Amino acid sequence: MSVFSSVHFDDHEEVVFCRDAETGLNAIIAVHDTTLGAGLGGCRFWAYETEDEALTDALRLSRGMTYKAALAGTGRGGGKSVIIGDPRRIGSPDLFRAMGRFVEGLGGSYIIAEDVGTSPADMAHVRETTRHVAGLAGQSGDPSPATALGTFVGIKAALKHSTGSGDLTGVRVAVQGLGHVGWDLCQRLHSAGAELVVSDIRDEITSRAVREFGATAVGVDSIHAASADVFAPCALGAVINDRTLPKLKAKIVAGSANNQLAEDRHGDVLAERGVLYAPDYVINAGGIINIAHEGKGYDQAEAFAHVETIGKTLAGLFARSAEEGVAPHRMADRMAQEVIAEARKKARLLAA
Ligand SMILES: NC(=O)c1ccc[n+]([C@@H]2O[C@H](COP(=O)([O-])OP(=O)(O)OC[C@H]3O[C@@H](n4cnc5c(N)ncnc54)[C@H](O)[C@@H]3O)[C@@H](O)[C@H]2O)c1
């Protein structure tokens, strides 16, 4: 396993391999960039097949957190941790306490939070051994409502850019996935007068959306092909791919799912076809913005007002993307890099 020569290595500041034999903890903490603040990012607990796979996830996801935080204006940097193993088999309170000790050892360069395979209850055990933890029960709470709010304002910004109006009355939105984020988003869209087309693998939740929102339910294999103005992926990653692209009818893709583009080139195809794509890590930053507010003494009204700035960020991004002829997913990376470069420049000037 190589770190410095990995294609996913991007001048990460710290990559720490953590082992606690007693609890069976094998973990990797990757702190990508702390120019803007401590690296904030979730702890993923997953039965990776190989250590290389775990390292790749830690490197790739921590870099993604740097970019996400930069455009979300959270005053945080990017970090991520992965615990290797099956959480149901080895996820004991002692293992999380051991993880907390490693986080504490980094002296605050990494702030851990929950992610796939971990919960607020696990983070409470982490809290016993480190102060550098966010997303605890009783603080900012479930991030999903904030993510849904950010996605909602992001859809309106995309609509405004495309049509000149952010009014959702009569706009058809196809929502894939009616989970924590998707359901809340549907409520907001319905209240704003949008017509909903929905899909979920859970029939009971789609039936409920039909009853409560007058939504049209479609099969999980055809939601991307629905006749709609907006396609909002809120379930899975890689939904924009070679198979779905030819069938896509919506002129806007804007949803909360992570890693919506199977590959970067699919974002280029969207742009070539005149489909406006709201880059996933920009539109779905509501949750991380909400959590980042814990550091300032959490105030929901303040945090949600910050989440709403996602609309303005996307409007600026779409405008620059059009002006410079750069697809939105590439423009997002460029803008994030600019924010970090500017902060580095300021820090150098202050130090001089
Ligand atoms: N929760 C957050 O704050 C947050 C923040 C950032 C990004 N995201 C991303 O947003 C997406 C949704 O998050 P969530 O918290 O609502 O997750 P969730 O698990 O609560 O909901 C996902 C929903 O998608 C459904 N689903 C699964 N496979 C499907 C398929 N093939 N077709 C249609 N529906 C399917 C599930 O049944 C479930 O209802 C995920 O990609 C997540 O990574 C969430």
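Residues numbered from 1 in each chain as written. Predicted model: local features only at pLDDT ≥ 70, side-chain atom pairs only at ≥ 80, totals over all residues.

Side note on helix H12 (residues 328-351)
What counts, and what does not: A run of DSSP states H or I qualifies as a helix once it reaches four residues; a run of E qualifies as a strand once it reaches two. Both are numbered from the N-terminal end. Under the convention used throughout, the expected extent of a helix is 1.5 Å for every residue step, that is, one less than its residue count. Here exposure depends only on C-beta density: within 10 Å of a residue's C-beta, 20 or more other C-beta atoms make it buried, 12 or fewer make it exposed, and intermediate numbers make it partly exposed, the C-beta atoms being placed from the backbone. What counts as a contact is two residues whose backbone-derived C-beta atoms lie within 7 Å of each other.
With 24 residues, H12 ought to run about 34 Å at 1.5 Å a step, and its terminal C-alpha atoms sit 34 Å apart, in line with that. All buried positions along H12 are accounted for by Pro328, His329, Met331, Ala332, Met335 and Ala336. Residues of H12 that are buried make contact with helix H1 (51-72), helix H8 (264-272), strand S11 (276-277), helix H9 (280-283) and helix H11 (300-324).

Comments concerning the sheet that holds strand S6 (residues 172-176)
Backbone-to-backbone hydrogen bonds pair the strands of a sheet. The strands run either parallel or antiparallel. The condition is simple: Strands qualify as paired when DSSP identifies two bridges or more between them.
Taking strand neighbours across the sheet as the criterion, the six strands line up as S8-S7-S6-S9-S10-S11 in an open arrangement whose pairing is parallel. Strand pairing shows two members of the sheet lacking a second neighbour, strand S8 (216-217) and S11, which therefore form its edges. Pairing between S6 and strand S9 (residues 230-233): four bridges, direction parallel. Within S9, the residue paired with Val173 across the bridge is Val230.

Considerations on the site of the ligand
To be explicit about the condition: To decide nearness, the C-beta atom of each residue is placed from the backbone, and the residue is near a molecule or strand if that atom lies within 6 Å of it. Amino acid classes used here: Ala, Val, Leu, Ile, Met, Phe, Trp, Tyr, Cys and Pro are nonpolar; Asp, Glu, Lys and Arg are charged; the rest, including Gly, are polar.
Close to the ligand lie 24 residues; Thr147, Gly177, Gly179, Ala235 and Gly287 are nearest. Broken down by secondary-structure element, the contributors of at least two residues to the shell around the ligand are helix H5 (144-163) and helix H6 (180-191). At three residues, the largest contribution of residues to the shell around the ligand is made by H6. Class assignment for the residues of the shell around the ligand results in 10 nonpolar, 12 polar and two charged.

Examining the domain arrangement of the protein
To be explicit about the condition: Residue ranges for the domains originate in an automatic or database domain assignment.
Segmenting the protein into domains produces domain 1 (14-65 + 76-127) and domain 2 (144-336). The gap between the C-alpha centroids of domain 1 and domain 2 is 28 Å. Taken together, the contacts link four residues of domain 1 with four residues of domain 2. Residues of the side of domain 1 that touches domain 2, tallied by class, amount to two nonpolar, one polar and one charged.

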